[in-house]
Amino acid sequence: MFKKILVPVDGSALAHAAGELAADLARQHGAQVVGVYVIDPFPYIGIGDASAVGLQAYLAEAQAAAGKALDDLRQVCAARGVPFSGDTIERNVTYEGILETAEAEACDLIVMGSHGRKGVQALILGSVAQKVLTHAKVPVLIVKPQA
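A few points on the structure. Just so it is clear, the model here is predicted, and its values are computed rather than measured.

### Some remarks on the sheet that holds strand β4 (residues 109–113)
Read from one edge of the open sheet, five strands run β3-β2-β1-β4-β5, paired in parallel fashion. The outermost strands of the open sheet, each flanked by one partner alone, are β3 (84–90) and β5 (140–143). When the angles between neighbouring strand axes are averaged without regard to direction, this sheet yields 20°. Pairing analysis gives seven bridges linking strand β2 (residues 32–39) to β3, with the strands arranged parallel. Paired with Y37 across the bridge in β3 is T88.

### Overview of the packing of helix α3 (residues 94–104) against helix α5 (residues 128–135)
At their nearest, the axes of α3 and α5 sit 9 Å apart, and the two run at 45° to each other. Between α3 and α5, the angle is such that the two are oblique. Between α3 and α5 lies a crossing of right-handed hand. Contact residues: α3 offers T94, Y95, I98 and L99, while α5 offers V128, K131, V132 and H135.

### Some words on unusual backbone geometry
Unusually for a residue other than glycine, A106 sits at a positive phi of about 55°. With a relative accessible area of 57%, A106 lands in the exposed category.

### What to know about the pairing of β2
Of all eight residues that make up β2, seven are buried, and the element is covered over most of its length. Crossover handedness for the path strand β1 (residues 4–8) to helix α1 (residues 13–29) to β2: right-handed.

### Remarks on the environment of A18
By secondary structure assignment, the location of A18 is in helix α1. Between the C-alpha atom of A18 and that of G113, which follows or precedes it by 95 residues, the distance is 5.7 Å. Residues contacting A18, with those up to four places away along its chain left out, are V7, V111, M112, G113 and V143.

### Brief notes about α1
With 17 residues, α1 extends 24 Å between its outermost C-alpha atoms, agreeing within 8% with the 24 Å of an ideal straight helix rising 1.5 Å per residue. All of the buried residues along α1 are L14, A15, A18, G19, A22, A23, L25 and A26. Directly after α1, the chain includes G30, whose backbone phi takes a positive value near 65°.

The rules we used
Within any chain, residue numbers begin from 1 and follow the written order of that chain's sequence. Where local features are concerned, this predicted model is filtered to residues with pLDDT of at least 70; where side-chain atom pairs are given and counted, the filter is 80 or more; whole-chain, interface and lining totals use all residues. Calculation of side-chain values draws on the structure's entire complement of heavy atoms; hydrogens and water are dropped beforehand. Each pair of strands is called paired provided DSSP finds at least two bridges between the two strands. Starting at the N terminus, helices and strands are each numbered in turn, a helix being any DSSP run of H or I of at least four residues and a strand any DSSP run of E of at least two. Fitting a line to C-alpha atoms yields each axis, with helices limited to the stretch in contact; the angle taken between N-to-C directions then spans 0 to 180 degrees. Here is the rule for angles: anything less than 35 degrees is roughly parallel, anything more than 145 is roughly antiparallel, 65 through 115 is roughly perpendicular, and the remaining ranges are oblique. In this scheme the crossing of two helices becomes right-handed for a clockwise turn of the near helix relative to the far one and left-handed for an anticlockwise turn of less than a right angle. Contact definition: two residues touch when any of their heavy atoms are within 4.5 Å. Only protein chains enter the accessibility calculation, which uses a 1.4 Å probe; a residue is then buried when its area is under 20% of its type maximum, exposed when over 50%, and partly exposed in between. Note on handedness: a clockwise path from strand one over the helix to strand two, with the strands aimed away from the viewer, defines a right-handed crossover. Take the number of residues in a helix, subtract one, and multiply by 1.5 Å to get its expected span.

Here is the structure:
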């Protein structure tokens, strides 16, 4: 039923749980898992040499976090014998980067975590998962924290 399953990762335990579920589904369906880590662009203010140093430090830290998160998903897939590919992208809007990756990679399912925030907290913090769910052209499976 599924050929390519997209798993957005951020290094959290919830993203790990989504990766495990996606890898299990991929194994059952003979599918591939595609991981994506979306980096927010550096908030460049353009003043002095400190901005260039700050940009380099920010990108190095972001790339390290992305590598760790994608490697975690790679290991989850390897343990289940599931093919994996992963990429780090930079986008201003995280959910748009996820949707662009799903389309570019021809993914037919997105599996991702959601913290399940409600009320004012959800309104203030927003929800990447909610936006992906609202705008995706393919099915989206949301993994929520264990109660």
